[in-house]
Amino acid sequence: MNLKEWAAATGISYATARRRYESGTLPVPAYRLGRLIMVGEPLAGVTAGAGQTVVYARVSSVEQKPDLDRQVARVVIWATGQHLAVDRVVTEVGSVLDGHRKEFLALLRDPRVTTVVVEHRDRFARFGAEYVEAALAAQGRRLLVVDPAEVDDDLVGDVTEILTSLCARLYGRRAAADRVRRAVEAVTGDPG
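Residues numbered from 1 in each chain as written. Predicted model: local features only at pLDDT ≥ 70, side-chain atom pairs only at ≥ 80, totals over all residues. Heavy atoms only, no water.

Visitor: Help me understand the sheet that holds strand β3 (residues 52-59) in this model?
Guide: Neighbouring strands of a sheet are bound in pairs by backbone hydrogen bonds; such pairs are parallel or else antiparallel. A sheet is described by the order of its strands in space; here four strands give the open sequence β4-β3-β5-β6, paired in parallel fashion. Looking along the sheet, the strands with just one partner apiece sit at the ends: β4 (88-93) and β6 (142-145). Within this sheet the neighbouring strands show an average axis-to-axis angle of 25°, counted without direction. Pairing geometry for β3 and β4, over six bridges, is parallel. In the strand pairing of β4, alanine 57 is matched with threonine 91. (Pairing = 2+ DSSP bridges. Helix = DSSP H or I, 4+ residues; strand = E, 2+ residues; numbered from the N terminus. Axes fitted to C-alpha atoms, helices over the stretch in contact; angles between N-to-C directions.)

Quick look at the structure:
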């Protein structure tokens, strides 16, 4: 687990845990993984022979498909810089809120995949990523996030997708988009 999660679980502040790590007085083994500080022993045997390291890249729409190659390049460069042998790259075009992403689900089901590397947490799952990480960790697998900072650029789009989905269930598909548009206009005051 990362240092921030460990600090919260043990009841000490993150700042204190960070100071202890930097001074070498942390009471548990810790190591740096990119910009993350991981607590605990490194996963033994996570190599190309023992399990697969997979880079997962996703964009939300076909219009963003050119960004997919750039995303893959950034993640592969980071992974090789961390001395991880990338066994394969999985790309997907689909909404993060859609529960029917075939490639994503195949990665979760495949026990040979021991490490999944993503650029941002929201490329993997916008909501509930902590649960997915916990489930992977319980199986001795891990999720590595290149840039752990939250990306809020698409949050309005995600909320719009959620509203569209809920309105579609309540009022039917045809009226859903119109109701969402009116709801967004009411909240933001922006007609259009």
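Visitor: Would you mind showing me how to read the side chain of glutamate 133 here?
Guide: Mapping glutamate 133 onto the fold places it in helix α6 (residues 129-138). Given the relative accessible area of 18%, glutamate 133 is considered buried. Excluding its chain neighbours within four sequence positions, the residues that come into contact with glutamate 133 are Arg121 and Leu143. (Buried < 20%, exposed > 50% of the residue type's maximum accessible area, 1.4 Å probe, protein only. Contact = heavy atoms within 4.5 Å.)

Visitor: Would you take a moment to explain the nonpolar core for this structure?
Guide: Within soluble globular proteins, side chains that are nonpolar generally end up buried alongside one another. Within the largest apolar cluster, 15 residues are counted, with the highest numbers of intra-cluster contacts made by Tyr56, Leu107, Val116, Val118, Phe124 and Leu143. At the level of elements, β3, α4 (102-109), β5 (113-118), α6 and β6 are the ones that each hand at least two residues to this core. With near-sequence residues (within four places) excluded, valine 116 lies in contact with Val54, Tyr56, Leu107, Phe124, Arg142, Leu143 and Leu144. Counting residues in each nonpolar core, the second largest holds eight residues, with Val75, Trp78, Ala79 and Leu84 among its members. (Core = buried A, V, L, I, M, F, W, Y, C linked by side-chain atoms within 4.5 Å.)

Visitor: For this particular structure, what's the right way to read unusual backbone geometry?
Guide: A negative phi angle is the norm for most residues apart from glycine, just as the trans form is the norm for most peptide bonds. Residue histidine 83 is not a glycine yet carries a positive backbone phi of 65°. Examined against the element boundaries, histidine 83 turns out to sit in the loop between α3 (65-81) and β4.

Visitor: Just to check I follow, could you spell out the packing of helix α1 (residues 3-10) against helix α2 (residues 14-23) for this structure?
Guide: When two helices pack together, their arrangement is captured by the angle between the axes and the distance separating the axes. Two elements in contact, α1 and α2, have axes whose closest approach is 9 Å; the angle formed by their N-to-C orientations is 120°. Relative to α2, the element α1 lies oblique. Crossing of α1 against α2: the hand is right-handed. In this structure, α1 contributes Leu3, Lys4, Trp6 and Ala7 to the contact, and α2 contributes Tyr14, Ala17, Arg18 and Tyr21. Of the residues that constitute the contact of α1 with α2, the class distribution is six nonpolar, no polar and two charged. (Parallel < 35°, antiparallel > 145°, perpendicular 65-115°, else oblique. Left-handed = near helix turned anticlockwise from the far one by under 90°. Nonpolar A, V, L, I, M, F, W, Y, C, P; charged D, E, K, R; others polar.)

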